[in-house]
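Secondary and tertiary structure notes
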Amino acid sequence: MRKKIIAGNWKMNSDIDFGVDFLQKITQIQPPSGVEVILGVPFISIYELSKVSDFVSIAAQNCHQKESGAFTGEISVNMLKSAGASHVILGHSERRQYFNEFDELILEKMSIALKAGLKVIYCCGEPLDQREAETHEAFVKSQLSDSILKLSEDQMKQVVIAYEPIWAIGTGKTASSSQAQDMHAFIRHLVKEEFGQSVGEELTILYGGSVKPANSEELFAQPDVDGGLVGGASLKTESFQQIIQSMKPV
Ligand code: PEP
């Protein structure tokens, strides 16, 4: 059965004390059965936070594409593994926009992360002009064709996709539940075409973009929306808890 996930992305916010306190608070309430909770935290918090909770997995928000070497200031996948990360978020639109990350590089990062045994949350999504020109499907298709659709079937099984329309990230504008559902169904269809029916059916596809308690239940009720990648609202214990609780138990 397809895995349901609520993942938070703290971006460049929080310090270790904030993280420990946050995790102690949110782990007082168990998530609905069958729902996995993941938190994407700053590198420096991974080690400490990975020891706090049994049911919250810790994700890194980036990794380097090489195993090791003279890359001052960078973090390798083995460092992340040894610090306790189970996942890494790759291809986030902020990394694409501010750090010039492109799909070929993201593919390299995915490959090395998967080889190290990390699971990947791969982000894709169109900017506003593509949505307005109704070319959003073609845009997302080309992102996937240059990255995850080049993975092997075994690698693909370790990937979660997060569809995050850029115009909805941090803007307060959310895709409507039908816009989210249509794109998720389209992504699943592309994955089925490449890897077969069962890999596509098993693929977890998260929606991201201004998810909050007021819209999460409706978004998560869509048949192809398997949870969320949550930015701003994942930094407040109350709203993150409400979002987790708005998932239906499996
Ligand atoms: C994100 O950072 O992935 C995100 C979706 O942010 P927000 O929920 O704040 O729009």
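Residues numbered from 1 in each chain as written. Predicted model: local features only at pLDDT ≥ 70, side-chain atom pairs only at ≥ 80, totals over all residues. Heavy atoms only, no water.

Some points on the overall build of the protein chain
To keep things clear, this is the line we draw: Secondary structure counts use DSSP, requiring at least four H or I residues in a row for a helix and at least two E residues in a row for a strand, with both numbered from the N terminus. This radius of gyration counts C-alpha atoms alone. The globule rule is 2.2 Å times how many residues there are, raised to the power 0.38. Only protein chains enter the accessibility calculation, which uses a 1.4 Å probe. A residue is then buried if its area is under 20% of the maximum for its type, exposed if over 50%, and partly exposed in between. Contacts are assigned to residue pairs that have any heavy atoms within 4.5 Å of one another. Note on areas: Shrake-Rupley, 1.4 Å probe, and residue coverage restricted to the protein chains presented here. Just so you know, the count uses Lys and Arg for positive and Asp and Glu for negative, and it drops His and the chain ends. Note that the charge is assigned to NZ on lysines, CZ on arginines, CG on aspartates and CD on glutamates.
A tally of regular secondary structure across the protein chain gives 12 helices and 8 strands. Here the C-alpha radius of gyration of the protein chain, 17 Å, is about what a compact globule of 250 residues would show, namely 18 Å. When the backbone C-alpha atoms are referred to their principal axes, the protein chain occupies close to 45 × 45 × 35 Å. Here the protein chain holds 250 residues, and 53% of them are scored as buried. Taking the intrachain contacts of the protein chain between residues at least 6 apart in sequence as the baseline, contacts between residues at least 24 apart amount to 73%. Summed over all atoms, the accessible surface of the protein chain reaches about 11300 Å², with 50% contributed by carbon and sulfur. Computed over 23 positive and 32 negative side-chain charges, the inter-centroid distance for the protein chain is 2 Å.

Details of the sheet that holds strand 8 (residues 227-230)
Worth spelling out the cut-off: The criterion for strand pairing is that DSSP finds at least two bridges linking the strands in question. Lines fitted to C-alpha atoms define the axes here, with helix axes fitted over just the stretch in contact, and angles between the N-to-C directions of these axes take values from 0 to 180 degrees.
Reading around the circumference, 1-2-3-4-5-6-7-8 is the order of the 8 strands in this closed barrel, with parallel pairing throughout. Averaged over all neighbouring strand pairs, the angle between strand axes comes to 30°, with direction disregarded. Pairing of strand 6 (residues 159-163) with strand 7 (residues 205-208), which is carried by 3 bridges, proceeds in the parallel orientation. For Ile161, the partnering residue across the bridge sits in strand 7 and is Ile205.

Remarks on helix 7 (residues 136-145)
Applicable threshold: Throughout, the arc means that of the directions going from the helix axis to the C-beta atoms.
Every buried residue belonging to helix 7 is among His136, Val140, Gln143 and Leu144, and all of these are buried. Projected down its long axis, helix 7 carries its buried residues within an arc of 95°, all on one side.

Remarks on helix 9 (residues 177-195)
Heads up, the rule is: Helix span, as expected, comes to 1.5 Å for every residue beyond the first.
The terminal C-alpha atoms of helix 9, which comprises 19 residues, lie 26 Å apart, in line with the 27 Å expected from a rise of 1.5 Å per residue. Of all the positions in helix 9, only Ser177, Ala180, Gln181, Met183, His184, Phe186, Ile187, Arg188, Leu190, Val191 and Phe195 are classed as buried. Backbone geometry just after helix 9 places Gly196 at a positive phi near 100°.

Observations concerning the packing of aromatic side chains
Heads up, the rule is: What counts as a ring pair is set by centres within 6.5 Å for rings of Phe, Tyr and Trp (its six-membered ring), and what kind of pair is set by the plane angle: stacked under 30 degrees, edge-to-face over 60, tilted for all other angles. Should the NZ of a Lys or the CZ of an Arg lie within 6 Å of a ring centre and within 35 degrees of the ring normal, that charge is described as sitting over the ring.
In total, this model carries 5 aromatic pairs according to the counting rule given. Judged by centre distance (4.9 Å) and plane angle (80°), the rings of Trp10 and Phe22 are edge-to-face. Of this pair, Trp10 sits in the loop between strand 1 (4-9) and helix 1 (16-26) while Phe22 sits in helix 1, placing them 12 residues apart in sequence. With relative accessibility at 0%, the residue Trp10 sits in the buried group. The aromatic ring of Phe99 is capped on one face by Arg95, whose charged end is 4.1 Å from the ring centroid.

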